[in-house]
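A look at the structure
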Amino acid sequence: MTEATWGESAKTPEINWRMSASLENVPRGDSDVAEVTNLERAVRDWRELDPQHQAAAVLTVEHPVQIDGASSTTFAGESIAALADHLPASSPTEE
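These figures come from a predicted structure and were not determined experimentally.

**Considering the environment of leucine 49**
Of note, leucine 49 is situated in the loop between α2 (39–47) and α3 (51–56). With 22 residues separating them in the primary sequence, leucine 49 and proline 27 have C-alpha atoms 9.3 Å apart. Apart from residues lying up to four places away in sequence, leucine 49 is in contact with Val26, Gln54 and Ala57.

**Observations concerning the nonpolar core**
In this structure, Leu39, Val43, Leu59, Val61, Val65 and Leu83 are the most contacted members of the largest nonpolar core, which totals 21 residues. Mapped onto this core, the elements with two or more residues apiece are β1 (20–24), α2, β3 (58–67) and α4 (78–84). Those residues in contact with leucine 39, other than ones at most four positions away along the chain, are Ile15, Asn16, Trp17, Met19, Ala21, Leu59, Val61, Val65 and Leu83.

**Some details on the environment of leucine 87**
Here leucine 87 lies in the segment after α4. Among the residues examined, leucine 87 registers a relative accessible area of 12% and is labelled buried. For the pair leucine 87 and valine 43, spaced 44 residues apart in sequence, the C-alpha to C-alpha distance is 8.1 Å. When residues no more than four places from it in sequence are discounted, the contact partners of leucine 87 are Trp17, Glu40, Val43, Arg44 and Arg47.

**Quick notes on the environment of glutamate 24**
When you line up the elements, glutamate 24 lands in strand β1. A relative accessible area of 30% means that glutamate 24 is categorised as partly exposed. Counting along the chain gives eleven residues from glutamate 24 to glutamate 35, while the straight-line C-alpha distance between them is 6.7 Å.

**Points about the pairing of strand β4 (residues 70–76)**
Both β3 and β4 contribute to a ladder of six bridges, which runs antiparallel. Note on β4: the bridge partner recorded for threonine 60 is threonine 74.

What counts and what doesn't
- Residues numbered from 1 in each chain as written.
- Predicted model: local features only at pLDDT ≥ 70, side-chain atom pairs only at ≥ 80, totals over all residues.
- Heavy atoms only, no water.
- Helix = DSSP H or I, 4+ residues; strand = E, 2+ residues; numbered from the N terminus.
- Contact = heavy atoms within 4.5 Å.
- Core = buried A, V, L, I, M, F, W, Y, C linked by side-chain atoms within 4.5 Å.
- Buried < 20%, exposed > 50% of the residue type's maximum accessible area, 1.4 Å probe, protein only.
- Pairing = 2+ DSSP bridges.

As structure tokens, then:
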């Protein structure tokens, strides 16, 4: 018999920061072309945007991510900020 545990870790399980993600509705040169990268890079890029572009941005991920018990594949505004709160402290992809 397996015993289930319910706690804070069940509400926000480990996030796969390497999965593919698309960050849309943000300026890239002279256009608003979606960037496909990994989830960690997309969220770190989002944090560098000005507040107006952060609010307009849409992040779509390859697999559902569960934050505080809610699962989604599309994030915008405050929900991207919630993902940013869970970013790893440092990463080899950061330069």
